[in-house]
Each structure stands twice: as C-alpha cells, then as structure tokens.
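# Examination of the molecular architecture
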Amino acid sequence: MEKLKKRSWAEPFKIKSVELLKMTTREDRERALEEAGYNTFLLKSEDVYIDLLTDSGTNAMSDVQWAGLMVGDEAYAGSKNFYHLEEKLHQYYGYKYLVPTHQGRGAEHMLSQILIKKGDYIPGNMYFTTTRLHQELAGGTFVDVIIDEAHDPTNLHPFKGNIDLQKLESLINKVGAKKIPYVCIAATVNMAGGQPISMENLRQVRELCSKHGIKIFFDATRAMENAYFIKVREQGYGNKSMAEILREMCSYTDGCTMSAKKDLLVNIGGFLALNDYDIFEEARNMVVVYEGLHTYGGLAGRDMEAMALGIVEAIQEDHMKARIGQVEYVGEKLQSIGVPIVLPVGGHAIFLDAKKFLPHLQQIEFPAQTLAAELYLESGIRSMERGIVSAGRNKDTGDHYYPKLELVRLTFPRRVYTQAHCDVTAEAVEAVYERRNEIKGLEMVYEPKYLRFFQARFKRKM
Ligand code: F0G
C-alpha cells in the first residue's frame, strides 16, 4: 500500500448550515453574460456557481457571531455593542478613538475630507480604487511610492507591499512636507495581488515621516493577513503572536480606515480609528452628517457586535493559516499547470496575469475583463477585473491609466468554500487556458463617470 507522506492541516471549523447553489448550463451563462454587458459585477448572484468576485462582506460568520446578532442593542445612542467594539479595537489594534462607519469607504471619505486640502499629495503603496477616489474628490493627488517589484507579477520579493523610501523621500523634497497630509499605507496591498508590507519597512517609513512631521494612516482592511505573512516570512517574528504583530504594526501609524467586511469576518461594517483627539473630534462631527450617530455610524447594533466578535476570531493563527492556506492551495495547482499568476501568492486572492494569459490582446481590448467573462462562461465562476478598467482615467488628461498589472482576481471569501470548490476552480481556469488562443477581446460600450469597473458595459469584438 502506498503511504500518505504529508501531514495536512484542515479548517479549524465544521459546517453547520449550508446555502444551496443553482447549477447553470453554458447557454444560461451565455445569456446571463450578454445581459450583464460582459461585466461580472452586473451578473445576478443566483446565476453564479462559485463566487470569487470578492472577499468583501462575503464571509461566513460563526455560530457565535450569529448569536451575537441576537444581543444587538438597537438603541439610537450609546449601544452597548459600540462599547464592546471599542474595547476590542483598543485591545487588538491599540488606537484610542473609534468612529464606526457603514463600510471602509465611509471612513476613507471622512479621513480624506478632514485632512486633505486642494493641491495636496497623498503617497501610498499602490492605489486602491475607492481610497484614491476619495483623496481626489478632496482635492488631493495620489502618488504611488510602492517598490518597483510590486509592478512585476513574477518578482518573488516576499514583501511586495513595501514602500520605496527613496521615492517617498524625493516626493517630500519635491513638494514639501506641508503638502503631504499623510502617507496612506495599505496592508496587505490589494491591487498588487494581496502583497504584504514588512515590519521593518513600516518602521522605516515611520522614522522618515516623523522626521518631517507627516502622519501615517493605515488601511487596516486586511492587516491581520499581513500580520500572518510577517509571522511566517520576516526574521524575528516567528515566535510572536498574531496579536503582538498586529499591535506593533498599528503602533507605527496614527490611525486607520477599516473595511471590516474582509479581515473581520462580517458582512457589513467599517470604522475610522484615530489617536489624535482633534481629528477624532472632526470625524465625530462629520459622521453624524454622512453615516449616522457617532455610536453607530450607519450600522445596526448587531453589526457592531458581530464585528467585535469577528476581531477575536480573525486574529487566531489557526484561522489565518487555513484562510491563507486555501489561497495558496489554488495557487500551487495553477502554477503546476503553467497558468501565469502573480507571485508570490497573496493573502486573499489568486491574480491571473491576463497580459500573459491572452498575449494576443492589446490592453485596450481589456484582456482581464475578457478573461473574467470567459471564466464565467466556462464554469459559472465569477471573478473580477483588476486592470485597465479598474484603473480608470487620469483626472487631468482624461486618458485611460494603463496599469502595468492587468489582472483577474479570484478572491476567496473566508470560511465559505471547500477544497473541492478549489479543485473545480483550478480545472476551470485550465480549460480556459487551453483555448486561450481563440479568445477575442472586448469593446467598452458604456462608461460611468466614477469607479467605472462596477457598471461599465462591453460587447465582444468581431
Ligand atoms: N481598502 C481596501 C484595501 C479594500 O480592499 C477595500 C474594498 C476598501 C478599502 C473599501 O472598503 O468596500 O468596505 O467600502 N475592497 C473590496 C474588494 C471592494 O473587493 O477588494 P469598502
């Protein structure tokens, strides 16, 4: 008898309730795709088999979190769930003040409006769509100061989310520290492929910024995933707990915006966290206008309770090992059959390199949008374009941005899909890869003004 050589790990949970999926035929999917204008954001969820559009708000909550919904204190003011959330924020992230928001972009909106003046520059480790738009709407200009390696899908740098200190310093020298209200650091970096930033780099950015009196705001949306990468990849952190690592990361920053729909294992929610009382005071005033009272910020009490409980579940190492392990599992499968993906595999998603996958298409034929559409057609699997459509247009010249990375993101919701779903996904990608030479590009026939990737429509090129 053949021996099983390896010792596997498995998910640290078992399944108590399931959601049934509808199976579709190729004809069904052809029709659905046509109706959706070849944009996976416009598909109806019931027409999707395995939904890898996003890990945002798509997580499976635990029985404890569901039970937490029942102890939602739905008072208009001073809900006890707010104080519970505040306590967990202090304990795990270490920030002083909490302003809840309906989701991440609510926090980005307030932070941008409070700190950015017209003509300011906001350096960051690659842009994120909503973050950059809020910076621009406040009159600022985003400047990408991520290391060059991040723009190269094959570079194996373990911390491709790092900030290039020279790029940051030369921006400071060029425009002056007064024109830089803060540096925006994302951990992990979504658009680079879920790549982490190292603790060493964070520390160095802090030093540089302190020297010039510049603040640092953290996009902590997937900071726990980043903490796990620091633990397994960075020297000196192997024996530290996830909680210790997260606290240290946050200690180098002045506050954070948070989309709790990712790391924190909930379906809705976010917050702005701050150490500076004056900024907090402004945000607490502003939240009442745009989100809701400062003790609920657009959320129900039960949502805040699920979030507070989610913080404690998400910081567990066994959870993160399974979460990131699942993504790595799919990554290894795709690599073994030669499919071009962004390496190293990131925390929340596999990113197919559409430029290499469909080299016969020009970037203006939307290779990633095309590939996402083909994958759906093949298998009912929904993924997301992260290339020229997501990058949008330059606000001054009106031209498309032509990002180096033209990617399709297969994003894994936390605690939702099984290893068999992962196998089916890899096999579907392989099937599309085998017929890649026959695939034709797309033409954009409708383009919305803001965040066009959500609602743009396309048709097949003849
Ligand atoms: N920051 C990052 C790094 C994000 O990935 C997101 C959302 C946000 C901020 C905005 O948060 O959606 O709660 O308003 N990313 C989702 C995604 C949409 O699919 O990657 P939000």
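Residues numbered from 1 in each chain as written. Predicted model: local features only at pLDDT ≥ 70, side-chain atom pairs only at ≥ 80, totals over all residues. Heavy atoms only, no water.

## Examining the site of the ligand
If you check the shell around the ligand, you find 17 residues, and the closest are Thr-54, Arg-105, Asp-219, Ser-259 and Lys-262. Between the ligand and the protein, one listed contact pairs an oxygen atom with a side-chain N or O atom of Gln-103 at 2.9 Å. At 2.7 Å from an oxygen atom of the ligand is found a side-chain nitrogen or oxygen belonging to Arg-105. Protein chains shield 95% of the accessible area of the ligand, which is 470 Å² for the free molecule. Looking at which element gives the most residues to the shell around the ligand, the answer is helix H4 (residues 104-115), with 3 residues. Residues belonging to the shell around the ligand are distributed by class as follows: 2 nonpolar, 8 polar and 7 charged. (Near = heavy atom within 4 Å. Polar contact = N/O pair within 3.5 Å; in protein donor to acceptor, adjacent residues only side chain to side chain. Areas by Shrake-Rupley, 256 points an atom, 1.4 Å probe, with all protein chains shown as cover. Helix = DSSP H or I, 4+ residues; strand = E, 2+ residues; numbered from the N terminus. Nonpolar A, V, L, I, M, F, W, Y, C, P; charged D, E, K, R; others polar.)

## A word on the domain arrangement of the protein chain
Looking at the assigned domains, one finds that the protein chain contains domain 1 (26-48 + 317-460) and domain 2 (63-314). Summarising the inter-unit geometry, the C-alpha centres of domain 1 and domain 2 are found 26 Å apart. Taken residue by residue, the interface counts 34 residues in domain 1 and 41 residues in domain 2. Carbon and sulfur atoms supply 60% of the area that domain 1 and domain 2 bury against each other, a total of about 3,000 Å² over both sides. In this structure, Glu-313 engages Arg-415 in a salt bridge whose closest nitrogen and oxygen atoms are separated by 2.9 Å. Of all the elements in the fold, those that place two or more residues in the side of domain 1 that touches domain 2 are helix H12 (317-336), strand E9 (349-353), helix H15 (388-391) and strand E12 (407-411). Partitioned by chemical class, the residues of the side of domain 1 that touches domain 2 number 17 nonpolar, 5 polar and 12 charged. (Domains from an automatic or database assignment. Contact = heavy atoms within 4.5 Å. Buried area = accessible area lost by both parts, 1.4 Å probe. Salt bridge = Lys/Arg side-chain N within 4 Å of Asp/Glu carboxyl O.)

## What about the environment of Lys-459?
By secondary structure assignment, the location of Lys-459 is in strand E14 (residues 457-460). Sequence separation of Lys-459 and Arg-409 is 50 residues, and the distance between their C-alpha atoms is 21 Å. Those residues in contact with Lys-459 that sit more than four places away from it in its chain are Tyr-38, Gly-441, Leu-442, Glu-443 and Val-445.

## A look at the pairing of strand E7 (residues 255-259)
Most of E7 sits inside the fold, with 5 of its 5 residues counted as buried. Taking every second residue as pointing to the same face, both faces of E7 are buried, with Gly-255, Thr-257 and Ser-259 on one and Cys-256 and Met-258 on the other. Both strand E6 (residues 215-219) and E7 contribute to a ladder of 3 bridges, which runs parallel. Within E7, the residue paired with Phe-217 across the bridge is Gly-255. As paired strands, E7 and strand E8 (residues 270-274) are joined by 5 bridges and run antiparallel to one another. When the sheet's bridge partners are listed, Cys-256 is paired in E8 with Ala-273. (Buried < 20%, exposed > 50% of the residue type's maximum accessible area, 1.4 Å probe, protein only. Pairing = 2+ DSSP bridges.)

## Section: the pattern of salt bridges
This structure, assessed with the given rule, holds 30 salt bridges. Taking the shortest distance from any N to any O, the salt bridge between Glu-30 and Arg-460 comes out at 3.5 Å. Of the two residues, Glu-30 is situated in helix H1 (residues 26-35) and Arg-460 in strand E14; the sequence distance between them amounts to 430 residues. Residue classification places Arg-460 among the partly exposed positions, given a relative accessible area of 27%. In this structure, Glu-281 engages Arg-284 in a salt bridge whose closest nitrogen and oxygen atoms are separated by 2.9 Å. Of this pair, Glu-281 and Arg-284 both sit in helix H10 (residues 277-290), 3 residues apart, which is roughly one turn of that helix. On the basis of relative accessible area, Glu-281 is assigned to the partly exposed category, the value being 28%. Here the salt bridges do not stand alone but share partners, grouping Arg-26, Glu-30, Glu-374, Glu-378, Arg-435 and Arg-460 into one network.

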